[in-house]
Amino acid sequence: MKDVIVACDFSSGKQVLEFLDKFAGCARKPFVKIGMELYYAEGPAIVREIKKRGHRIFLDLKLHDIPNTVRKTMKVLSSLDVDMTNVHAAGTIDMMKAALEGLTREDGTRPLLIAVTQLTSTSEERMQKELLIGSGIAETIAHYASNAAQAGLDGVVCSPLEAATVKERCGSSFIAVTPGIRFADAAADDQVRITTPARAREIGSDFIVVGRPITAAEDPVAAYLRCVKDFLNE
Ligand code: C5P
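1. Some details on the side chain of Asp3
Right, so step 1: On the secondary structure map, Asp3 appears in strand β1 (residues 3-7).
Right, so step 2: The contacts of Asp3, once residues within four sequence positions are left out, are Arg28, Phe31, Arg56, Asp206, Phe207, Ile208, Phe231 and Leu232.

Here it is in structure tokens:
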């Protein structure tokens with residue numbers, strides 16, 4: 001189940017397909033994350049095209065709306081045959097349950113559904129002062145994760161440094177998908193709470209999401225394979 005997910009943060013289909021062409025000769029087909037930028041630029045056609053090329057897809061659209069809207073939207077996303085998608089846990093347990101219902105296909109299969117707890121760009125100070133959430137950020141993240149587990153979701157997106165706490169609270173099979181990954185010898189860019197692929201494995205991440213260390217590398221295939229080797233120990 002564990003895997004490296006490549007965050008394809010490109011703004012056009014042309015760019016992402018040119019990037020994926022580089023992996024044509026690679027023994028492993030990368031699991032690909034499509035975010036809002038690419039999806040809003042290109043629509044469902046880009047999801048179908050990347051799927052047709054044999055990649056698994058994490059569609060990172062972070063839904064947050066009333067339960068009925070989320071249920072119906074998830075039904076549409078499920079028919080796109082993605083492998084993983086997500087919602088904001090802040091939408092409440094009812095909304096997460098509705099998302100799960102919408103995602104579940106007639107034959108009972110469905111993509112993995114994970115929740116965003118607090119965005120890593122939200123500091124504890126802003127969460128408390130602007131959002132009026134009185135608890136500390138670590139406790140809020142653990143609580144949102146347990147709400148997601150209660151709703152029946154498969155896991156959460158969190159910083160690798162939070163993965164262990166999430167697993168303690170929600171059980172070891174509850175999935176931790178962790179961005180904020182950097183090679184030990186590389187720049188942090190704008191990420192703050194970062195760790196290496198090997199350390200993420202030790203902490204218990206199930207999927208690491210890696211963007212610029214692969215997409216901006218001189219040799220993206222080599223960088224991807226280095227991540228796979230470090231994270232999966234393969
Ligand atoms: O380039 P980099 O490795 O920093 O990319 C990380 C990816 O993970 C980006 O697509 C970013 O939007 C996403 N992400 C994140 N932190 C979160 C949730 C998603 O960095 N909490």
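2. Topic: the layout of surface pockets
Right, so step 1: Here the largest pocket is characterised by a volume of approximately 990 Å³.
Right, so step 2: Contributing to the lining of the largest pocket are 39 residues, with Lys62, Thr120, Pro179, Gly180 and Gln191 lying nearest its centre.
Right, so step 3: Broken down by secondary-structure element, the contributors of at least two residues to the lining of the largest pocket are β2 (31-35), α2 (36-42), β3 (57-63), α7 (137-151), β8 (207-210) and α10 (212-215).

3. Quick word on the pairing of β8
Right, so step 1: Of the two faces of β8, the one holding Phe207 and Val209 and the one holding Ile208 and Val210 are both buried throughout.
Right, so step 2: Sheet topology note: the β1/β8 ladder contains four bridges and is parallel. Considered in β8, the bridge of Ile5 is made with Val209.
Right, so step 3: Bridging between strand β7 (residues 175-178) and β8 involves two bridges; their strand directions are parallel. From the neighbouring strand, Val177 faces β8, where its bridge partner is Phe207.
Right, so step 4: Note that the unit made of β7, helix α9 (residues 197-203) and β8 has a crossover that is right-handed.

4. Focus on the site of the ligand
Right, so step 1: Taken together, Ala7, Asp9, Lys33, Thr120, Pro179, Arg182, Gln191, Val209, Val210, Gly211, Arg212 and Pro213 form the complete shell of residues around the ligand.
Right, so step 2: Between the ligand and Lys33 there is a distance of 2.9 Å, counted from an oxygen atom to a side-chain nitrogen or oxygen.
Right, so step 3: Gly211 has a polar backbone atom sitting 2.8 Å from an oxygen atom of the ligand.
Right, so step 4: For the ligand, whose accessible area on its own is 470 Å², the fraction buried by protein is 83%.

5. Considering the packing of helix α5 (residues 93-103) against α7
Right, so step 1: The N-to-C vectors of α5 and α7 enclose an angle of 45°; their axes lie 9 Å apart at closest approach. Classified by the interaxial angle, the pair formed by α5 and α7 is oblique. By crossing handedness, the relation of α5 to α7 is classed as right-handed. Listed contacts from α7 to Ile93, Met96, Lys97 and Leu100 of α5 are Asn147, Ala148, Gln150 and Ala151.
Right, so step 2: Grouping the amino acids of the contact of α5 with α7 by side-chain chemistry returns five nonpolar, two polar and one charged.

6. Here we look at the environment of Val116
Right, so step 1: Along the chain, Val116 falls in strand β5 (residues 112-116).
Right, so step 2: Spatially, the C-alpha atoms of Val116 and Gly155 are 9.1 Å apart, while their sequence positions differ by 39 residues.
Right, so step 3: When neighbours within four sequence positions are excluded, Val116 is seen to be in contact with Lys62, Asn86, Val87, His88, Ala89 and Val157.

7. Quick word on the environment of Gly211
Right, so step 1: Mapped onto the secondary structure, Gly211 falls in the loop between β8 and α10.
Right, so step 2: Once the C-alpha coordinates of Gly211 and Val6 are considered, the two residues, 205 residues apart in sequence, prove to be 5.7 Å apart.

What counts and how
- Residues numbered from 1 in each chain as written.
- Predicted model: local features only at pLDDT ≥ 70, side-chain atom pairs only at ≥ 80, totals over all residues.
- Heavy atoms only, no water.
- Helix = DSSP H or I, 4+ residues; strand = E, 2+ residues; numbered from the N terminus.
- Contact = heavy atoms within 4.5 Å.
- 1 Å grid on protein atoms, 1.4 Å probe; cavity = no way out; pocket = protein on both sides within 12 Å on 5 of 7 lines; lining within 4 Å.
- Points joined across faces, edges and corners; volume = space filled by probe spheres on them.
- Buried < 20%, exposed > 50% of the residue type's maximum accessible area, 1.4 Å probe, protein only.
- Pairing = 2+ DSSP bridges.
- Right-handed = clockwise from strand over helix to strand, strands pointing away.
- Near = heavy atom within 4 Å.
- Polar contact = N/O pair within 3.5 Å; in protein donor to acceptor, adjacent residues only side chain to side chain.
- Areas by Shrake-Rupley, 256 points an atom, 1.4 Å probe, with all protein chains shown as cover.
- Axes fitted to C-alpha atoms, helices over the stretch in contact; angles between N-to-C directions.
- Parallel < 35°, antiparallel > 145°, perpendicular 65-115°, else oblique.
- Left-handed = near helix turned anticlockwise from the far one by under 90°.
- Nonpolar A, V, L, I, M, F, W, Y, C, P; charged D, E, K, R; others polar.

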